[in-house]
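# Structure assessment
Letter by letter, the chains look like this.
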Amino acid sequence: MQRNHYVGPMRAEDLLVSTPAGLCCPSGGFYIDPVRPVDKALITHAHSDHARAGHGAVLATPETLDLMRLRCGDDCAGSMQAVRYGETVTIDGVAVTFHPAGHVLGSAQICLERGLRVVASGDYKDVPDPTCLPFELTRCDAFITEATFGLPVFRHGDPAAETRKLLHSVALFPERAHLVGVYALGKAQRLIALIREARYDKPIYLHGALEALTRYYVSRGVTLGELRLARDASKAELAGAIALCPPSAVKEVWSRRFPDPVTSFASGWMRVRARARQRQIDLPLVISDHADWDGLCATILATGAGEIWVTHGEEDALVHWCGSRGLAARPLRILGYGDEEEGSAAEPEPQETA
Ligand SMILES: [Zn+2]
Ligand SMILES: [Zn+2]
């Protein structure tokens, strides 16, 4: 649709507004990743704080819908409609297109177009991930970016080098188990894939809370090698093994089945040494599914957007940085998004008893 020159140029706020329930497109009658139940929701990805149960109609990628059903049950929404990457759905005159966000399997940036183009990134990262499609840069007039790691101190470095640290420790301590805390959706499967890329081909053991999501990744063609459930293994078998579990399980009764475990945690927050110490983590691994400071800044510039809205995390520093680059920027301050890198997204991880 062409810009209407008689009433002046469209602005981003004419298409999308920030409300306590989340980003709302009044003319399309829908919300993006609403934090409260709404009639019509467009969902960027299946992390529990973005993909909540209880909406009327949900539009998302097929993978996101499958993952929502796995996590919240078949009846978690009134109705579900799948949209493929690159396919355009028109909702009351607003053209909606989903583009890969490189965050987790099925994750999307949502592009709205009517007179001008607005892209809501959802969570994203701009580095390769063997378990999902790469981030697709989408030029736009206004870009809504996440800011989980929106401080210059956050530079994630090379995930392959972090993975080698883990494998080096496994080689040094063949009699001990390595217990790695990972978020169940995305991080678990990416870390397994990184370990396989580093040519480690022994079985990798899983906490039961990671099983269903990991099996789903495998069913979608993601190669993860031989996986076993830790609860089926003897203590002797777990000597020298790598086991993945939700971050909270590292210090729980569940971990007692492992011989003298080395505790590890894979998260962007492990860049902060105090966090690793506080959690009593022996082997912090800086591996994140979110863009780091450099990634956020580079992506913002590359979109060509003149207007930047910042949400979900460290909003102020990024807003300030945008201002220094002559970009109009503002924080959205929507409450309700959790922090899956911390292992504490809004919804508790399913637990397995000892
Ligand atoms: Zn996420
Ligand atoms: Zn998020």
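The structure we're discussing is the one just above.
Quick caveat, the model's predicted, so the values are computed rather than measured.

Taken as a whole and judged by the stated rule, the model has seven aromatic pairs. Taking the centre distance of 6.0 Å and the plane angle of 65° together, the rings of Tyr124 and Phe143 count as edge-to-face. Within this pair, whereas Tyr124 is found in the loop between strand S10 (116–120) and strand S11 (142–147), its partner Phe143 is found in strand S11, the two being separated by 19 residues in sequence. Across this residue pair, the class does not change: Tyr124 and Phe143 are buried.

The sheet built from six strands is open, its strands ordered S14-S13-S15-S12-S16-S17 with parallel pairing. What marks the edges here is a single partner per strand, and that holds for strand S14 (227–229) and strand S17 (283–285). Strand-to-strand, the axes of this sheet are offset by a mean angle of 25°, without reference to chain direction. Across two bridges, strand S13 (residues 204–206) lies against strand S15 (residues 242–245) in parallel orientation. When the bridges of S15 are listed, Tyr205 appears paired with Ala243. On top of the sheet, helix H3 (residues 159–172) reaches strand S12 (178–181), S15, strand S16 (262–266) and S17; it is set at about 155° to S17, its chief contact. Seen against the sheet, helix H5 (residues 211–219) touches S13 and S14 and runs at an angle of roughly 160° to S14.

Moving on, we get to the coordination of the zinc ion (ligand 2). The zinc ion (ligand 2) binds to the protein through His50 (NE2), Asp123 (OD) and His312 (NE2), with metal-donor distances spanning 2.1 Å. When the donors of the zinc ion (ligand 2) are listed by position in the chain, the intervening gaps give H-x72-D-x188-H. Judged by relative accessible area, His312 falls into the buried class, the value being 7%.

Let us now look at the packing of H3 against helix H4 (residues 187–197). One way to put it is that H3 packs onto H4 with a least axis distance of 9 Å and a crossing angle of 75°. Our classification of the angle between H3 and H4 gives roughly perpendicular. Seen from H3, the contacting residues are Pro159, Thr163, Leu166 and Leu167; seen from H4, they are Arg190, Leu191, Leu194 and Ile195. Taken together, the residues that form the contact of H3 with H4 break down as six nonpolar, one polar and one charged.

Of all five residues that make up S16, five are buried, and the element is covered over most of its length. The two faces of S16 match: Val262, Ser264 and Ala266 on one face and Thr263 and Phe265 on the other face are all buried. Bridge analysis of S12 against S16 gives four bridges, and the strand direction is parallel. Looking across to S16, one finds that Val180 is bridged to Ser264. Regarding topology, helix H6 (residues 273–278) serves as the crossover connection from S16 to the parallel S17, and that connection is right-handed.

All right, on to the packing of helix H2 (residues 62–72) against H5 then. It is at 10 Å that the axes of H2 and H5 come closest, and there the two elements cross at 155°. Taken together, the axis directions place H2 and H5 in an arrangement best described as roughly antiparallel. Crossing of H2 over H5 shows right-handed handedness. Only Ala212, Leu213 and Tyr216 of H5 make contact with H2, whose side of the interface consists of Pro62, Glu63, Asp66, Leu67, Leu70 and Arg71. Among the residues making up the contact of H2 with H5, the classes are represented as six nonpolar, no polar and three charged.

An ideal rise of 1.5 Å per residue puts 20 Å on 14 residues; H3 measures up with 20 Å between its terminal C-alpha atoms. Residues of H3 that are buried include every one of Pro159, Glu162, Thr163, Leu166, Leu167, Ser169 and Val170, and no others. Down the axis of H3, the smallest arc covering the buried residues is 155°, so these residues share one side. In H3, the exposed residues that point more than 90 degrees away from the buried face are His168, Ala171 and Leu172. In this structure, the buried side of H3 is in contact with S12, H4, S15, S16 and S17. Its side-chain oxygen placed 3.0 Å from the backbone nitrogen of Ala160, Asp158 serves as the N-cap of H3.

Next up on the list: the pairing of strand S19 (residues 328–331). Sheet topology note: the strand S18 (residues 307–313)/S19 ladder contains four bridges and is parallel. Residue pairing across strands places Val310 opposite Pro331, the latter belonging to S19. A crossover connection joins S18 to the parallel S19 through helix H8 (residues 315–324); in handedness this β-α-β unit is right-handed.

The strand order across the open sheet formed by six strands is S1-S2-S3-S4-S5-S6, and the pairing between neighbours is mixed. Single-partner strands in this sheet number two, and they are strand S1 (17–19) and strand S6 (77–82). When strand polarity is set aside, the average angle formed by the axes of neighbouring strands in this sheet is 30°. One ladder, built from three bridges, connects strand S4 (residues 40–42) with strand S5 (residues 55–60); its direction is parallel. Residue pairing across strands places Ala41 opposite Val58, the latter belonging to S5. Contacting S5 and S6, H2 runs over the sheet at an angle of about 150° to S6.

Calculation notes
- Residues numbered from 1 in each chain as written.
- Chains lettered and ligands numbered in written order.
- Predicted model: local features only at pLDDT ≥ 70, side-chain atom pairs only at ≥ 80, totals over all residues.
- Heavy atoms only, no water.
- Phe/Tyr/Trp six-rings, centres within 6.5 Å; stacked < 30°, edge-to-face > 60°.
- Helix = DSSP H or I, 4+ residues; strand = E, 2+ residues; numbered from the N terminus.
- Buried < 20%, exposed > 50% of the residue type's maximum accessible area, 1.4 Å probe, protein only.
- Pairing = 2+ DSSP bridges.
- Axes fitted to C-alpha atoms, helices over the stretch in contact; angles between N-to-C directions.
- Contact = heavy atoms within 4.5 Å.
- Donors = N, O, S within 2.8 Å, 3.2 Å for Na, K, Ca; no water.
- Parallel < 35°, antiparallel > 145°, perpendicular 65-115°, else oblique.
- Nonpolar A, V, L, I, M, F, W, Y, C, P; charged D, E, K, R; others polar.
- Right-handed = clockwise from strand over helix to strand, strands pointing away.
- Left-handed = near helix turned anticlockwise from the far one by under 90°.
- Expected span 1.5 Å × (residues − 1).
- Arc of directions from axis to C-beta.
- Polar contact = N/O pair within 3.5 Å; in protein donor to acceptor, adjacent residues only side chain to side chain.

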